[in-house]
Each structure stands twice: as structure tokens, then as C-alpha cells.
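Chain residues, written in single-letter form:
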Amino acid sequence: MVNIENISQYLQVAGRGYRNRNHFRFLLHRKYGTKFKPKAPKFPPMLIVETTNYCNLSCIHCPQSTLTKKAGYKHGFMDFDLYKRIINEASLYKKVILRPFGGGEALIHPDLPKMVRYAKEKGIESIWLNTNGLLLTSEKSKALLDAGLDRIEISIDATTEETYRKIKGKTGLSKVIANTLEYCDLKEKLYPDKKITASFVESNVNASEKDGFISFWENRVDHVNIRSVHQHGALVERLSKDKEKDEPERLPCPLLWRRVQINYYGGLIYCEYDWENREEVGNVKDLSIREIWNGAKYKYLRKLHVERRFSEIPLCSICKTHSELLW
């Protein structure tokens, strides 16, 4: 039995075998009813860096297709000097995961392989990319692999061209499949330790194709990822018919302790579902990532979460994704 009065010492000893201390605190909360109060590391373990918010598709499960129609919406590319500033700071810390994408299709940025290479040369340990795969030519695939890309996830979402068009807004499934298989071949020949994932966002449009998707891809890629569709803060139409479930105990959101997203112009947001950039915490052109991460605004947000005062944060008050985010 754990001596709850001496919990800090217990954490130091017993928590070493778990993936991180906050995960262990979460397990203690579940088992013994301890107060779940996560501790923030001195620098975010994951950086989502939006190289561009341009996209070549209009997926029904993505807010991008809606936001681009709004008056005043601005597109852009991250300047390479700003990107270097972000990477230079991140390189000072160990085990940082870099994800060079955001609200758009990262492969549209002409300097993406150069960006990946720069991060690797600066010592960033792990670089993960999400893409829809339409622009993943053989030349681009080799350039990314040679640059040091560790993981790529390709959003495919269908097994038939008709369903692909309904979800993505245009045809292109055969091209994406060919590009994905070519990437698989290249990475197996040149960099077999690299990883590739085929992903599927399940909705009422493609649910009948899920089993076929898994069957086709499970022996061709390293991992098949099936995600549930969600509304991104009411920006996307409800696309599933899930039965109402009992609301689980709501705990502090792991995103506030795990990751940040930096938009193409340098704005830092605490939630990757803040597609409208309504709640920026700061701008990395003015302050370092560490200064923002450890600043008064972030501390206050974490305090509200620890105290379960979610309704006092506009974005968190309408969040429907919190039960899917596990510690």
C-alpha cells in the first residue's frame, strides 16, 4: 500500500519505470485517489511547427475546408529564418519531438526537406510528418528520407475512389496509394529503421471501408492508425452516429504539459484544435519558447485545469475531445 503522505518520495522511486512522471501520477490518481497535479517540464516535449496553412484538399473532417471560406482568412509560409530560430532553441533540449505541419499540407512548402535536414543537423532526435500524400513524389520521398525524417503518417481515409472524393473533395486515391507504396519501398531499401503509418479518420461516410482499409495496409506499412472523427471545437459538422456515452471524469488536459503549436507567423497556441488562433499565448518572434511555456499565461491555464475550472477557458469549455486525450 502506498503511503500517500510521502507521495513525493514514492514518485521519485517507483515512477522511474513509467514513460513519464505525469503518466505515473495519473495512474496513482486512478488507483489510490491522489490529487492529479501534473508537473510541467522546462521545455515542451513536442513542437508542432506549421510550415504552411495552404492545403490542396478540402477534407470534410478538417476545419481548413471551412475556415478558408471566411472573410479575412490569411494563408502563408513560415520564413526559414523564423524556423531556424525555433529549431536552434529546441536543439538545446533533449528528446524533443518535432512535427513540421499544422493547419495545411506541409509538402506544399518548397523548403520542407531543407527544414527537416536543418533540424536533424541541429540534433533534433525525432521528426514526424503528417501529409495527405498527394504531393509525395519519388523525388520528394527520397529527399525527406535523406534529410532524416523519422516518421511519416499518410492520411488516406478510404479504399474506393468514390469515398475518397466524398471525404477529400477531389479524386486522387490511386495516386496516394502509389506514392505511399513507393515511399515504403524506398525506406525499406535505404532506411529500414524509419517508420510509416497509414491513417483513417472514421466517420459515417467511410465506416463501411474500415476493415478493408486495415486489411489492405496492415502488412504494407509499419502501423495503421484508425481515428475517430471529432468536431474541432464545433468547426466541423458532426459526422458520426456514436451512442451517447457516460462522461468520464475530466482531468487536466495533457496538451498543456506535452506540446505547443507554433503557427507559420510565429504565434504560439496551447491547443492544436485552436484552428482560428483565438487563444495565442505569445509569439516566438518576441519571446523564446521556454519563456512562453513557463510564463504567467501558461501557468494560469494549468492552474485552472488542475482545479477543474475548465469552463473559465473559452476553448476548453466547448472541448469534446478531452476524453480521447490520455496521459
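Just so it is clear, the structure is predicted and the values come from calculations on it, not from any experiment. (Residues numbered from 1 in each chain as written. Predicted model: local features only at pLDDT ≥ 70, side-chain atom pairs only at ≥ 80, totals over all residues. Heavy atoms only, no water.)

### Re the overall build of the protein
Across its full length, the protein holds 13 helices and nine strands. Counting every position in the protein, which comprises 327 residues, the buried fraction comes to 51%. Partitioning the intrachain contacts of the protein with sequence separation of at least 6 by distance along the chain shows that 70% fall at a separation of at least 24. Summed over its atoms, the accessible surface of the protein is roughly 16700 Å², and 49% of this surface lies on carbon and sulfur atoms. (Helix = DSSP H or I, 4+ residues; strand = E, 2+ residues; numbered from the N terminus. Buried < 20%, exposed > 50% of the residue type's maximum accessible area, 1.4 Å probe, protein only. Contact = heavy atoms within 4.5 Å. Areas by Shrake-Rupley, 256 points an atom, 1.4 Å probe, with all protein chains shown as cover.)

### Here we look at the pairing of strand β3 (residues 126-131)
Within β3, six of the six residues are buried, which leaves it mostly tucked inside the rest of the structure. The side-chain alternation of β3 yields two buried faces, one formed by Ser126, Trp128 and Asn130 and the other by Ile127, Leu129 and Thr131. Relative to β3, strand β2 (residues 97-99) is paired through two bridges, and the arrangement is parallel. For Ile97, the partnering residue across the bridge sits in β3 and is Ser126. With respect to chirality, the unit in which β2 leads through helix α5 (residues 112-121) into the neighbouring parallel β3 is right-handed. As paired elements, β3 and strand β4 (residues 151-155) share four bridges and run parallel to each other. Paired with Thr131 across the strands is Ile154, a residue of β4. Chirality of the crossover, the property in question, places the unit of β3, helix α6 (residues 138-147) and β4 among those that are right-handed. (Pairing = 2+ DSSP bridges. Right-handed = clockwise from strand over helix to strand, strands pointing away.)

### A word on the packing of aromatic side chains
By the definition in use, this model includes twelve aromatic pairs. Pairing Phe36 with Trp327 gives two aromatic rings, centres 5.0 Å apart and planes at 85°, and the pair type is edge-to-face. Pair noted here: Phe36 is in the loop between α2 (21-32) and β1 (46-49) and Trp327 is in the segment after α13 (314-317), with a separation of 291 residues, a long-range link. For the pair formed by Phe36 and Trp327, the shared burial category is buried. Here the aromatic cluster, defined as three or more aromatic residues joined through ring pairs, consists of Phe26, Phe36, Trp257 and Trp327. Arg250 extends its terminal NZ or CZ atom over the ring of Phe310, reaching a point 4.2 Å from the ring centre. (Phe/Tyr/Trp six-rings, centres within 6.5 Å; stacked < 30°, edge-to-face > 60°. Lys NZ or Arg CZ within 6 Å of the ring centre and 35° of its normal.)

### Some remarks on the side chain of His305
Mapped onto the elements, His305 comes out in helix α12 (residues 296-306). Excluding anything up to four places from it in sequence, His305 contacts Pro252, Cys253, Leu256, Trp257, Phe310, Ile313 and Cys316.

### Looking at the side chain of Asn179
When you line up the elements, Asn179 lands in helix α8 (residues 173-190). Discounting chain neighbours no more than four positions away, the residues touching Asn179 are Gly133, Leu134 and Leu136.

### Thoughts on the nonpolar core
Grouped together as the largest cluster of nonpolar side chains are 80 residues, with contacts concentrated most on Leu47, Tyr83 and Tyr270. For this core, the leading source of residues is helix α4 (residues 80-90), giving six residues. (Core = buried A, V, L, I, M, F, W, Y, C linked by side-chain atoms within 4.5 Å.)

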